[in-house]
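# Reading the structure
Letter by letter, the chains look like this.
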Amino acid sequence: MSHPGPTNEELELWLPTVALGVQRRSLLQLALMGAGLAASPSLLAQSGVPKRGGTLTIGADADPIGLDPVTLTAFSSYDFTAQLYTGLLRWNAEMKIEPDLATGYLAPNDTTYIFRLRQGVKFHNGQPFTAEDVKHTFDRIMDPASASPSAVLFASVKAVTVVEPFTVKFELKAPSATFLSYMATNPNGVIVPRGVVDLRTKPVGTGPFVFESYEPGQQFVLKANPNYYEDKQPYLDTLVFKFFKDQASLVSALRSKAIDMTWFKDPKVSAQIVKGSRELVSAPGKTSRTFPVWFNIKAKPLSDVRVRRALSLATDRKACLQTVLGSGAGKVGAMVPESQIGGYDGVSPLPYYKTDVAAAKKLLTEAGYAGGLDLGDYIVVAANALDVQCAQILQQQWAAAGIKVNLKPMETAPLIGLWLKGDYTIMSIALSWSPDPDAIVSRLLSTHSQGKGIGMADAQLDKMIEDARAILDVPKRAAAYQQIQKHVADQAYLLQIYQYPLRWEAWWSYVKGYVPLAANIRTFVRAAYISK
Amino acid sequence: MTDTRKPGRAAGRSLIALGLFMLLGMVVVTALGPWVAPFNPSATSPDSLAGPSAQHWLGTDSIGRDVLSRLIIGGRTTLLITFVAVAVALAGGVVLGLLSGYVGGLVDQLVMRALDVIFAFPVFLLAIAVVAALGPTVPNLILTIAVVYTPRLARVVRGPVLSVKRWDHVEAARSVGVGEFRIAVRHVLPLVVSPILVETSLVLAQTIFTVTALSFLGLGPPPPDPNWGGMLSEGRQFMELAPLTVIGPACAIVFATLTFIVLANGLRERLDVTGK
Amino acid sequence: MIRLALTRVAWMVPILLGVSVVAFLLMRALPGDFVQASAGTTELAPEALDTIRRSLGLDRPVWEQYLDWLARVLAGDFGTSFVTQRPVLDELLPRLLVTAELTFFAGLMALLLGAGSGLAAARLRGRVDWLVRTVNGILLAVPNFVFATLVVLLAGLYFPEVGIFNYTPFFTDPLGNIGSMLLPALSLALAVSVTISENTRAAVLEVSSQDFVMVARAKGLLPRTVLRNYLVRNALTPVITVTGLQLASLLGGSILIETIFTIPGMGQHLFESVTTRNYPVIQAIVLVAATIVLLVNVLVDIAYARVDARVRYD
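Bear in mind the structure is a predicted one, so any value in this text is a computation, not a measurement.

Before going further, it helps to spend a moment on the overall build of chain C. Counting its regular elements, chain C contains 13 helices and zero strands. Seen in sequence order, chain C has helices and strands lined up from the N terminus as α-α-α-α-α-α-α-α-α-α-α-α-α. Counting over 314 residues, chain C shows a buried share of 50%.

Here is the structure:
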């Protein structure tokens, strides 16, 4: 049998051992989905029967930097690892976790997870997939010599043990609500084969596509994996990524059908191109990141909460949203984007979110800056046009309240250096999508390197964050993050302006079956097909 | 029968006049910029990518800023950088060229080879590096451009100096006991003036190119200060929705370059300097 | 002349060394490094960052890094790219060829357009002459990237189905390749064609004048011989200079055009590599570009000396 789901006997065996809410829900999902993993994409595909064959050409705006999921750090590589590798779990189109290389799991207590693995899966080089590969992957991740970014995410993992050839046990140091999310995220939780050395340039995985060739700056070619375990997928024969340096050439390439699909950073560009033809489809994807304004609160004047609150009051978030993203492309934001657990919906009231320049001036006067205030450099990523635009608008809005900043767009490399050290007064740099809200808010912990750098020392907030990590009940956890966001907004430790999808995808209507994911990786290419 | 070698100093004069007129126009408009521009160039509005209207003569850009105002204020920065950078390059070039040509020998070789290093260095790499290392501020840009064009002007000065320094009356002056420095300034320098004038206007035209090209690549004065190259680059994304965001800066750049080329041509014909 | 050539070539070595040192220091003076640039906001333990740095050799003192690089270059090894982990030369050579192809086409177009229009202006006189001179004047004032942007704009507005950015490699599809290079080459060629045009025109006019023919006859020479020699010498000099200048500005002009038309050439490669702080690639490109520039300068000077015997060098 190609995909063994849990049998009825097994279900009966497992259900009573469930301890807490989320496991039960997940298990039910697993049970429902067990036999028909291919079900979800076809539910969403508009028209009929997928056609086999063909080549899909995607326009990419950045080359990958390394293809080994354990060691890579660059976001641009994610698009490629999403095709080449799979993990024990994955995200589905509604951003819920579903099984992938694992067929299900058992959680006898809240620090142990026992995964049942799919059998008969082969890596691209023919090697069979077993629990040993899972252990190997996590050994590599936890090894300091690998310098793996996933190590931080799986810090709660105490041990990974091979129980049987197709059963693997994970033991955590403490209950963690983030564990499953990270397992489901590509490339952090994907599995690499034992004994294969140079994955960086010769990737081998269990994903729907196999690496064929790569010419830097030109194209990246993948071929369908004939042994892919998901029934009938992928439908395409070949997947080609072509590289383009900027939005203007992506627009032209899409228009002239040199590429079939791409994504844009600027919603206005996406709107423009779709206007040009009825056969072009554009999907905004879910809001997945926010535009933050980070403060360094170690020293005056930003150490004074009144000054920070004044900045928040002087900011007109809706105007920023309107001008930079255009109508309908995003929402007002807080710490956690809407697509995450506990995400902010964009409309509920938050402290100091209502624009009030007079009140801002009053707070400044109270703080002793009646004649206005000069905060120095406001650093922003020069390469992100949207960021720079928003920063300019903010500069003007704050000026109306008497707060002066000097806009300083900076190259990414030096900016990151400053950011890591907390060596700035005000800086805007957006975080890339993270699988779990904990990754976002934990940066404000006074023990986190970033929190330390900017001078965070809020014991109450620390506790709220640490507690929220361990809440396994989803609604309770969501409520906890709402509280955290309220607290952060009240203290105005940083400003969040708006939330938006990282990319706006656009494709020709002959590409069917594709669903953009809030996780901003194109995993649904496996379900796409061409119908011309 | 047209003799093309001397179209007449008259033609040269009229070209110079035209060039100066254009130059004056540009300088006046941009100098008076803040008073002439209808809008604050950084003022954003929700009215983005609008076409030309009574309010916005050249329409607006992607975040609703008035294109005309940005062109005028952008011109200030662009022209300022151009003039100052070339002035610095000129000063440096003249000094080095005189020194090198006049003293000759090893000093000449060393100076020329050092300048060769700069000459060989890809302009943009130097600019990118300086700008990234020191920040894309106006003084840094001026410095970079001045450094890049100094070798050219030095060469232009050195050439005539080399030939002139052997002339009879210079020898005569020397034998009578006139100091080297005085000889350099009184006899050599005036002969160098003509080619320098021509070369300088050419360099000015080239500098407009370099400044706008650098800001096109993102290395110019940072936002919110407008500059022509940056406007051209930003406008590319929405070209088809609002062509004026591209046509506007394009025309401005062409006009400025044309001004200096007209001047250069006029000077060349007026001073009867044969091109290289 | 041989001595001239040898001296100049000999001087190339210290100059290239100087260039490489300046590039090395300049790049390391740039704030931020490759590790930071590629990691972005991905969370990494500081130890992890250091591990990566060590594996790239970035933790050693600068002079040590430079000498190490120099030693390897002299042995023919240009190192591996930080970004793709492939040998730098493997990536650089194809891009060099692409830029070379672009420049070659541009030069050819410039020559054809320039000589053609100059000849037409000189022979046909009148309106044609006026037209050519006016167009030349305007073209000279349009920077190549402005022209390229306007061309792309026009194509986008009126011919949206035509793929402007469809660069295809030569060996995959020769015709497609040439087609995709046409507009970029034209953008680069225009400014140069003006100079060639003006000089061709001047030379042809000169030679056509009656005085000239009279003098030639008086000297006992056949006008045709004189025409040939004169044309060759006077038209060739600026052509040589201009070709030389153009080749020398290979990198500068090509960065802009390659960026606008998304052609995978050396200029664009350089620009990206600086952004990602990909040191080995930057060093290699600077060295190659500087060598080309210097060689071209030497060749131009030699050709100059041959063509125009009046030029003397110290």
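We now examine the sheet that holds strand β15 (residues 373-381) of chain A. All names here are of chain A. Spatial strand order, β14-β18-β13-β17-β15-β16: six strands in an open sheet with mixed pairing. The open sheet terminates on both sides in strands that have one partner only, identified here as β14 (331-332) and β16 (403-410). Bridge count for β15 against strand β17 (residues 426-428) is three bridges, and the pairing is parallel. Residue pairing in the sheet places isoleucine 379 in a bridge with methionine 427 of β17.

The subject of this paragraph is the sheet that holds strand β7 (residues 167-172) of chain A. All names here are of chain A. Judged by pairing direction, the sheet is antiparallel, and its four strands sit side by side in the order β4-β5-β7-β6 without closing on themselves. Looking at strand neighbours, the two that pair on one side only are β4 (102-109) and β6 (157-164), the edges of this open sheet. Looking at each pair of strands side by side, their axes are set apart by 20° on average, direction ignored. The pairing of strand β5 (residues 112-117) with β7 spans five bridges and is antiparallel. Bridging across to β7, isoleucine 114 finds its partner in lysine 169.

With that settled, the discussion passes to the packing of helix α10 (residues 244-270) of chain B against helix α7 (residues 144-158) of chain C. Their axes nearest at 10 Å, the elements α10(B) and α7(C) cross at an angle of 150°. Relative to α7(C), the element α10(B) is oriented roughly antiparallel. Crossing geometry of α10(B) relative to α7(C) is assigned as left-handed. Contacts between α10(B) and α7(C) involve B:Val246, B:Ile247, B:Ala250, B:Ile253 and B:Val254 from the former and C:Val146, C:Thr149, C:Leu150 and C:Leu153 from the latter. The residue inventory of the contact of α10(B) with α7(C), partitioned by class, reads eight nonpolar, one polar and no charged.

At the interface, 50 residues of chain C touch 42 residues of chain B. For the pair chain C and chain B, the interface holds zero salt bridges. Between chain C and chain B we count zero residue pairs in polar contact (both at pLDDT 80 or more) in total. Listed by contribution, the elements that provide at least two residues to the side of chain C that touches chain B are α1 (2-29), α6 (126-141), α7, α8 (174-208), α11 (250-261), α12 (266-275) and α13 (279-307) of chain C. Ranked by residue count, the leading element in the side of chain C that touches chain B is α1(C), at ten residues.

The element helix α9 (residues 228-235) of chain B is largely enclosed, with a buried count of six among its eight residues. Turning to α9(B), its buried residues number three or more, namely B:Trp228, B:Gly229, B:Gly230, B:Met231, B:Leu232 and B:Gly235.

Below, the discussion takes up empty space enclosed by the protein. All names here are of chain A. All told, the structure shown has twelve cavities of 30 Å³ or more when counted by the stated rule. Within this model, the second largest cavity holds a volume of roughly 190 Å³. Along its surface, the second largest cavity is lined by 21 residues, and Thr86, Arg90, Asp100, Asn186 and Thr523 are the ones closest to its centre. At the level of elements, α4 (78-84) and β2 (89-91) are the ones that each hand at least two residues to the lining of the second largest cavity. Here the element with the most residues in the lining of the second largest cavity is β2; it accounts for three residues. Among the residues forming the lining of the second largest cavity, the class breakdown is eleven nonpolar, seven polar and three charged.

Right, let's get into the confidence of the model for chain A. The pLDDT averaged across chain A works out to 84; a share of 91% of its residues lies at or above 70. Low confidence marks residues 1-46 of chain A, where pLDDT is under 50. Its contacts with residues over four positions away, or in another chain, come to 58 contacts.

The next point concerns the pattern of salt bridges. Summed over the entire model, instances satisfying the criterion amount to 29 salt bridges over all chains. As a salt-bridge pair, C:Asp68 and C:Arg60 come within 3.6 Å of each other at their nearest N and O atoms. The partner of C:Asp129 in a salt bridge is C:Arg201, with the nearest N and O atoms 2.7 Å apart. Here C:Asp129, found in helix α6, pairs with C:Arg201, found in helix α8; they are 72 residues apart in sequence, far enough to count as distant. One network of salt bridges, with partners in common, ties together A:Arg90, A:Glu98, A:Asp100, A:Glu230 and A:Arg526.

Examined against the element boundaries, B:Thr207 turns out to sit in helix α8 (residues 180-216). The contact partners of B:Thr207, leaving out residues within four places of it in the chain, are B:Thr82, B:Val86, B:Ile145 and B:Tyr149.

Moving on, we get to the interface of chain A and chain B. Interface size is commonly expressed as the accessible surface area that is lost when the partners come together. Taken together, the contact between chain A and chain B spans 19 residues of the former and 16 residues of the latter. Roughly 1,600 Å² of surface becomes buried between chain A and chain B when both sides are summed, with 55% attributable to carbon and sulfur atoms. Looking at the side of chain A facing chain B, the largest losses of area belong to A:Gln272, A:Thr323 and A:Gln392, adding up to 29% of the total buried there. Where the side of chain A that touches chain B is concerned, the elements lending two or more residues are α8 (247-255), α9 (267-276), α13 (385-400) and β16 of chain A.

Residue and element names in this part refer to chain A. Along the chain, valine 281 turns up in strand β12 (residues 280-283). Along the backbone, valine 281 and isoleucine 97 are 184 residues apart, and their C-alpha atoms lie at a distance of 27 Å. In this structure, valine 281 is in contact with Val274, Glu505, Ala506, Trp507 and Ser509, ignoring residues within four places of it in sequence.

Attention shifts here to the pairing of β15(A). Residue and element names in this part refer to chain A. Pairing of β15 with β16, which is carried by seven bridges, proceeds in the parallel orientation. Bridge pairing links valine 380 to proline 409 in β16. With α13 bridging β15 and the parallel β16, this β-α-β connection has right-handed handedness.

Residues and elements named next belong to chain A. Here the amide bond leading from asparagine 186 into proline 187 is cis, since omega sits at 10°, within 30 degrees of zero. Topologically, proline 187 is positioned in the loop between α7 (179-183) and β8 (209-215). Backbone torsion omega between glutamine 233 and proline 234 reads -10°, so that peptide bond is classified as cis. Along the polypeptide, proline 234 turns up in the loop between β9 (219-224) and β10 (238-243). The phi torsion at lysine 232 lies on the positive side, around 70°, for a residue other than glycine. Following the sequence through the fold, lysine 232 ends up in the loop between β9 and β10. Classification of lysine 232 by relative accessible area gives exposed; the value is 54%. The phi dihedral of tyrosine 352 falls on the positive side, at around 65°, and the residue is not glycine.

Counting 116 residues, the largest nonpolar core has B:Leu232, C:Phe145 and C:Val146 as its most contacted members. Looking at this core, the element that brings in the most residues is α13(C), giving eleven residues. Apart from residues lying up to four places away in sequence, B:Leu232 is in contact with B:Phe216, B:Val246, B:Pro249, B:Ala250, B:Ile253, C:Phe145, C:Val146 and C:Thr149. Listed in part, the 94 residues of the second largest apolar core include A:Leu84, A:Phe115, A:Phe241 and B:Leu49.

A ring pair, where both rings are aromatic, is described by two values, the distance of the centres and the angle of the planes. A full pass over the atoms with the stated rule returns 34 aromatic pairs over all chains. For the ring pair C:Tyr66 and C:Trp69, a centre distance of 5.8 Å and an interplane angle of 35° mean the geometry is tilted. Note that C:Tyr66 and C:Trp69 are positioned in helix α4 (residues 62-74) at a spacing of three residues, about one turn of the helix. For the residue pair C:Tyr66 and C:Trp69, the accessibility class agrees, reading buried in each case. One aromatic cluster is present, built from ring pairs that chain together A:Tyr105, A:Tyr113, A:Phe115, A:Phe138, A:Phe154, A:Phe170, A:Phe179 and A:Tyr182. In this structure, A:Lys257 is placed above the aromatic ring of A:Trp508, and the distance from its NZ or CZ to the ring centre is 4.4 Å.

What counts, and at which threshold
Residues numbered from 1 in each chain as written. Chains lettered and ligands numbered in written order. Predicted model: local features only at pLDDT ≥ 70, side-chain atom pairs only at ≥ 80, totals over all residues. Heavy atoms only, no water. Helix = DSSP H or I, 4+ residues; strand = E, 2+ residues; numbered from the N terminus. Buried < 20%, exposed > 50% of the residue type's maximum accessible area, 1.4 Å probe, protein only. Pairing = 2+ DSSP bridges. Axes fitted to C-alpha atoms, helices over the stretch in contact; angles between N-to-C directions. Parallel < 35°, antiparallel > 145°, perpendicular 65-115°, else oblique. Left-handed = near helix turned anticlockwise from the far one by under 90°. Contact = heavy atoms within 4.5 Å. Nonpolar A, V, L, I, M, F, W, Y, C, P; charged D, E, K, R; others polar. Salt bridge = Lys/Arg side-chain N within 4 Å of Asp/Glu carboxyl O. Polar contact = N/O pair within 3.5 Å; in protein donor to acceptor, adjacent residues only side chain to side chain. 1 Å grid on protein atoms, 1.4 Å probe; cavity = no way out; pocket = protein on both sides within 12 Å on 5 of 7 lines; lining within 4 Å. Points joined across faces, edges and corners; volume = space filled by probe spheres on them. pLDDT = per-residue confidence, 0-100. Buried area = accessible area lost by both parts, 1.4 Å probe. Right-handed = clockwise from strand over helix to strand, strands pointing away. Core = buried A, V, L, I, M, F, W, Y, C linked by side-chain atoms within 4.5 Å. Phe/Tyr/Trp six-rings, centres within 6.5 Å; stacked < 30°, edge-to-face > 60°. Lys NZ or Arg CZ within 6 Å of the ring centre and 35° of its normal.

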